[in-house]
Amino acid sequence: MQNALATAHSLWQSQDEWDGRIRQFAVQELLPLKNDTWLEDLEAEVTPERFKDRMTLEAVTVYPDGSFEFWHNDGDLFFGHSIRIDGDIRGGPTAADIPG
């Protein structure tokens with residue numbers, strides 16, 4: 001439990017930096033998917049700024065090994081799927097997914 005709390009405190013103390021890193025990673029990993037296969041009819045390509053703006057943080061889960069998950073509402077980027085970014089304190093964001 002102490003390690004999970006240390007992870008949470010580290011994320012909290014640098015929350016603006018982590019928010020930026022998480023959103024930028026989501027853009028890097030998921031924006032091409034959005035623009036290549038998830039556009040609605042006549043929908044213009046989504047810009048990186050618009051992608052980040054539509055994400056709304058819903059939850060952060062931390063684990064004793066220093067890993068975390070950031071869960072976002074997708075703002076209908078992916079028709080209501082969540083945006084999950086996984087990572088760890090030392091390595092930063094490492095994976096992005098859009099679970100149902």
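Everything below is about the structure shown above.
All of these numbers come straight from a predicted model, not from anything done at the bench. (Residues numbered from 1 in each chain as written. Predicted model: local features only at pLDDT ≥ 70, side-chain atom pairs only at ≥ 80, totals over all residues. Heavy atoms only, no water.)

Chemist: An account of the overall build of the protein is needed here, citing residue identities and associated values.
Modeler: Within the protein one finds three helices and four strands. Whereas a compact globule of 100 residues would reach a radius of gyration of roughly 13 Å, the protein reaches 14 Å, a difference of no more than 12%. When the backbone C-alpha atoms are referred to their principal axes, the protein occupies close to 50 × 25 × 20 Å. Residues counted as buried form 37% of the 100 residues belonging to the protein. Long-range contacts, defined as pairs at least 24 residues apart, comprise 43% of the intrachain contacts of the protein with a sequence gap of at least 6. Surface summary for the protein: the accessible area is close to 6,000 Å², and the carbon and sulfur share equals 49%. Computed over 8 positive and 19 negative side-chain charges, the inter-centroid distance for the protein is 3 Å. (Helix = DSSP H or I, 4+ residues; strand = E, 2+ residues; numbered from the N terminus. Rg over C-alpha atoms; globule rule 2.2 N^0.38 Å. Buried < 20%, exposed > 50% of the residue type's maximum accessible area, 1.4 Å probe, protein only. Contact = heavy atoms within 4.5 Å. Areas by Shrake-Rupley, 256 points an atom, 1.4 Å probe, with all protein chains shown as cover. Lys, Arg positive; Asp, Glu negative; His and termini not counted. Charge placed at Lys NZ, Arg CZ, Asp CG, Glu CD.)

Chemist: So, the sheet that holds strand β3 (residues 82–88): which residues are in play, and what are the values?
Modeler: The strand order β1-β2-β3-β4 describes an open sheet built from four strands, whose pairing is antiparallel. The outermost strands of the open sheet, each flanked by one partner alone, are β1 (56–62) and β4 (92–97). Each strand of the sheet is rotated relative to its neighbour by a mean of 25 degrees, with strand direction disregarded. Pairing of strand β2 (residues 67–73) with β3, which is carried by seven bridges, proceeds in the antiparallel orientation. Bridge pairing in β3 links Trp71 to Arg84. Contacting β1 and β2, helix α1 (residues 2–13) crosses the sheet at an angle of about 145 degrees to β1. (Pairing = 2+ DSSP bridges. Axes fitted to C-alpha atoms, helices over the stretch in contact; angles between N-to-C directions.)

Chemist: Lay out the pairing of β3 with the relevant residues and their values.
Modeler: With six of its seven residues buried, β3 lies for the most part within the structure. Bridging between β3 and β4 involves five bridges; their strand directions are antiparallel. Bridging across to β4, Arg84 finds its partner in Asp97. Between β3 and the antiparallel strand that follows it, β4, lie three residues.

Chemist: So what's going on with the environment of Phe79? Which residues, and what values?
Modeler: Looking at the element boundaries, Phe79 is found in the loop between β2 and β3. Setting aside residues up to four positions removed in sequence, Phe79 forms contacts with Trp38, Glu40 and Asp74.

Chemist: For the pattern of salt bridges, give the residues involved together with the corresponding values.
Modeler: Counting across every chain of the model gives six salt bridges. Ionic pairing is found between Arg84 and Asp86, a salt bridge with its closest N-O pair at 2.9 Å. For the pair formed by Arg84 and Asp86, the shared burial category is buried. A salt bridge links Arg84 to Asp97; the shortest N-O distance between them is 3.8 Å. Pair noted here: Arg84 is in strand β3 and Asp97 is in strand β4, with a separation of 13 residues, a long-range link. A relative accessible area of 18% places Arg84 in the buried class. When its relative accessible area of 32% is taken as the criterion, Asp97 is described as partly exposed. A single salt-bridge network, built from bridges that share partners, covers Lys34, Glu43 and Arg54. (Salt bridge = Lys/Arg side-chain N within 4 Å of Asp/Glu carboxyl O.)

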